[in-house]
Every structure is written in structure tokens, then in C-alpha cells.
Amino acid sequence: MQNGSAGKADLQIIYLFLASSILFFFLKFLIAGTAVNYNVLLYGNLLLFAVSWISVRMSTRAVVHKNVQVFLRLVYGSFLMKFFVLAIAAFVYISIFKKQVNKPALFGCFGLYIIYTLIEVRTVLKQSKKPNA
């Protein structure tokens, strides 16, 4: 059961990544000259995909564990890993580009973060409602 649930979660994250990447790629050409830096959105999407994929894998493993300490370690580890990787990435981007920081793209990445997190939480909650075998 663990592999099936993890596979479904993986597919949902992959579909979101592909759909948003294709959307940003085409928007870059269709709406040229806007204030949004689409490269920031594409790289942010790639980072969010990688971090969310690892986080989903950790969370789906946590749900099937009978040991409470392992469950908590995986869930908190997933959250902390996601938080610190994204905070460091934002800090590096802001410190490198200082006055050229593209705020619309950062807000777009924040919106992507919310979508990735909703998919992760929904998937893990669905898995937690299933009886463990």
C-alpha cells in the first residue's frame, strides 16, 4: 500500500510541475514585456518540485509507521527540510539581486508553494484515512 500511495503522490506532484512549467514557458512568449521574470518562476517551480517530492516521500513513509517517534521525526523533518531549503533559496536570490528582485515572480513562487503544499497535505490525509495493512 505504501508504494501505491507514494506513487499517486509522486504523479500528482509531477503533473503539477509539468503543467506549471509548460504554462510559464508559453506565458513567457505570449505575454512578453510584463513585469514578471519567468526564469525566476521556472527555477522556483523546479526547486519547489524537488523539495515537495522529497517532502511527500517522507510524509507518506511517516503515515504507515507504527512507531510514534519515527512518525514525528519524518513529519517534522519534512517540514524543516522544506522550510530551510526554501528560506535559504529566497535569501540567496534576494541577496544576489538586491534591487532587481522580481516581486511578482516571488509572489508567483509563493502561490506555487501553496499549491504544492495543498497537494501534499491532501495526499497524506487521504493515505492516513486508509487502514494500514
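This text goes with the structure placed above it.
Computed from a predicted model, the values in this text were never measured in an experiment.

*Asks:* Break down unusual backbone geometry for me, with residues and values.
*Replies:* Positioned with a positive phi, K98 is a non-glycine residue whose angle comes to about 30 degrees. Structurally, the position occupied by K98 is in the loop between helix 3 (68-97) and helix 4 (103-129). Residue K98 is classed as exposed on the basis of its relative accessible area, which comes to 59%.

*Asks:* Lay out the packing of helix 2 (residues 38-64) against helix 4 in plain terms, naming residues and giving numbers.
*Replies:* As a packed pair, helix 2 and helix 4 sit with axes 10 Å apart at the nearest point and diverge in direction by 20 degrees. With respect to helix 4, the element helix 2 is oriented roughly parallel. With respect to the hand of their crossing, helix 2 and helix 4 are arranged in right-handed fashion. For the contact of helix 2 with helix 4, the class distribution of residues is 13 nonpolar, 9 polar and 1 charged.

*Asks:* How would you explain the pattern of salt bridges if you had to name every residue and give the values?
*Replies:* Enumeration over the complete set of coordinates arrives at 2 salt bridges. Its salt-bridge partner being R57, residue D10 comes within 2.5 Å of it at the nearest N-O pair. Residue D10 is found in helix 1 (residues 2-30), and its partner R57 is found in helix 2; the two are separated by 47 residues along the sequence. The class for D10 is buried, based on a relative accessible area of 11%. Of the residues examined, R57 reaches a relative accessible area of 32% and is grouped as partly exposed. For K82, the salt bridge identified is with E120, shortest N-O distance 2.7 Å. In this pair, K82 is assigned in helix 3 and E120 in helix 4, connecting sequence segments 38 residues apart. Overall, E120 belongs to the buried group, its relative accessible area being 8%.

The rules behind each value
Residues numbered from 1 in each chain as written. Predicted model: local features only at pLDDT ≥ 70, side-chain atom pairs only at ≥ 80, totals over all residues. Heavy atoms only, no water. Helix = DSSP H or I, 4+ residues; strand = E, 2+ residues; numbered from the N terminus. Buried < 20%, exposed > 50% of the residue type's maximum accessible area, 1.4 Å probe, protein only. Axes fitted to C-alpha atoms, helices over the stretch in contact; angles between N-to-C directions. Parallel < 35°, antiparallel > 145°, perpendicular 65-115°, else oblique. Left-handed = near helix turned anticlockwise from the far one by under 90°. Nonpolar A, V, L, I, M, F, W, Y, C, P; charged D, E, K, R; others polar. Salt bridge = Lys/Arg side-chain N within 4 Å of Asp/Glu carboxyl O.

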